[in-house]
Amino acid sequence: MLILILGIALVALVTFLVLRVKYPSRDIAVLDTHDFFTFMSGVLGFVVLGLVIGICCLSTTVATENTIDSKIEMYQEENSNIEQDIDKIVREYLEHEHDTFADLKTEESSITLVTLFPELKSDTLVQQQLEIYVDNNAKIKSLKKEKIDIAKKKWILYFGK
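So, a few notes on the structure that sits alongside this text. Worth saying up front: this structure is predicted, and the values here are computed from it rather than measured. (Residues numbered from 1 in each chain as written. Predicted model: local features only at pLDDT ≥ 70, side-chain atom pairs only at ≥ 80, totals over all residues. Heavy atoms only, no water.)

## Here we look at the overall build of the protein chain
Item 1. Of regular secondary structure, the protein chain possesses six helices and zero strands.
Item 2. Element order for the protein chain, N to C, with α for helix and β for strand: α-α-α-α-α-α.
Item 3. Looking at the protein chain as a whole, 25% of its 161 residues are labelled buried.
Item 4. As presented, the protein chain carries roughly 11,000 Å² of accessible surface, and 62% of it is formed by carbon and sulfur atoms. (Helix = DSSP H or I, 4+ residues; strand = E, 2+ residues; numbered from the N terminus. Buried < 20%, exposed > 50% of the residue type's maximum accessible area, 1.4 Å probe, protein only. Areas by Shrake-Rupley, 256 points an atom, 1.4 Å probe, with all protein chains shown as cover.)

Now the structure itself:
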């Protein structure tokens, strides 16, 4: 949309500049017309400058869209590795405490099982991994929101999806 408006503004700017040159201010009768063409040329010059600045700002944001999917994938892969590590720790803990937790369903996720066992919740390694896991999930949500915002900016910039 901004690129279309920029094109229209450039055509109008060139038109007013040509008309300004075509009707010089030597003749008293066309003095008002010349002043109008000069004024409109100045206004359109500022509009074009503002549009170019806006397009440059939006373009830098839109250009980062390609990297967002790879960042989301990286965080999801890291979370998967954390889940595997925590799952391994929980399984070892369950084997160690087999008699105590014999009736516990091991089909639950390892993240859920960590919250059930106070001994695992107090383990610093598990706690750090859980914090990283939660932070990664927050980053994934933020990146998905940013991707949605980029779709809106693409529409504003060039009617893109």
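## Some remarks on the state of the cysteines
Item 1. Applying the stated criterion across every chain, the model contains zero disulfides.
Item 2. We note that Cys56 lacks a disulfide partner, and the nearest cysteine sulfur, in Cys57, lies 6.9 Å from it.
Item 3. Owing to a relative accessible area of 46%, Cys56 belongs among the partly exposed residues under this scheme. (Disulfide = S-S within 2.5 Å.)

## Here we look at the side chain of Asn79
Item 1. Within the fold, Asn79 resides in helix H3 (residues 65–96).
Item 2. Residue Asn79 is classed as buried on the basis of its relative accessible area, which comes to 5%.
Item 3. The residues touching Asn79, leaving out its near neighbours within four places in the chain, are Ile132, Tyr133, Asn136, Asn137 and Ile140. (Contact = heavy atoms within 4.5 Å.)

## What to know about the packing of aromatic side chains
Item 1. As enumerated under the stated definition, the model contains four aromatic pairs in all.
Item 2. Between the aromatic rings of Phe16 and Phe36, the centroid separation amounts to 5.9 Å while the plane-to-plane angle is 80 degrees, which identifies the pairing as edge-to-face. Here Phe16, found in helix H1 (residues 2–22), pairs with Phe36, found in helix H2 (residues 31–62); they are 20 residues apart in sequence, far enough to count as distant.
Item 3. You can call Phe16 buried: its relative accessible area is 17%.
Item 4. Note on Phe36: relative accessible area 43%, which makes it partly exposed.
Item 5. Between Trp155 and Phe159, the ring centres sit 5.3 Å apart and the planes meet at 90 degrees, which makes this aromatic pair edge-to-face.
Item 6. Of the aromatic side chains, those joined through ring pairs into one cluster are Phe16, Phe36 and Phe37. (Phe/Tyr/Trp six-rings, centres within 6.5 Å; stacked < 30°, edge-to-face > 60°.)

## Topic: the nonpolar core
Item 1. Of all hydrophobic cores here, the largest spans 13 residues; its most connected members are Leu2, Leu6, Val48, Leu51, Ile55 and Leu157.
Item 2. Put simply, the parts of the chain that give this core at least two residues each are H1 and H2.
Item 3. Top element by residues in this core is H2. It accounts for seven residues.
Item 4. Discounting chain neighbours no more than four positions away, the residues touching Leu6 are Val48, Leu51, Val52 and Ile55. (Core = buried A, V, L, I, M, F, W, Y, C linked by side-chain atoms within 4.5 Å.)

## A look at the environment of Ile3
Item 1. Position of Ile3 among the secondary structure elements: in helix H1.
Item 2. Between the C-alpha atom of Ile3 and that of Gly54, which follows or precedes it by 51 residues, the distance is 9.8 Å.

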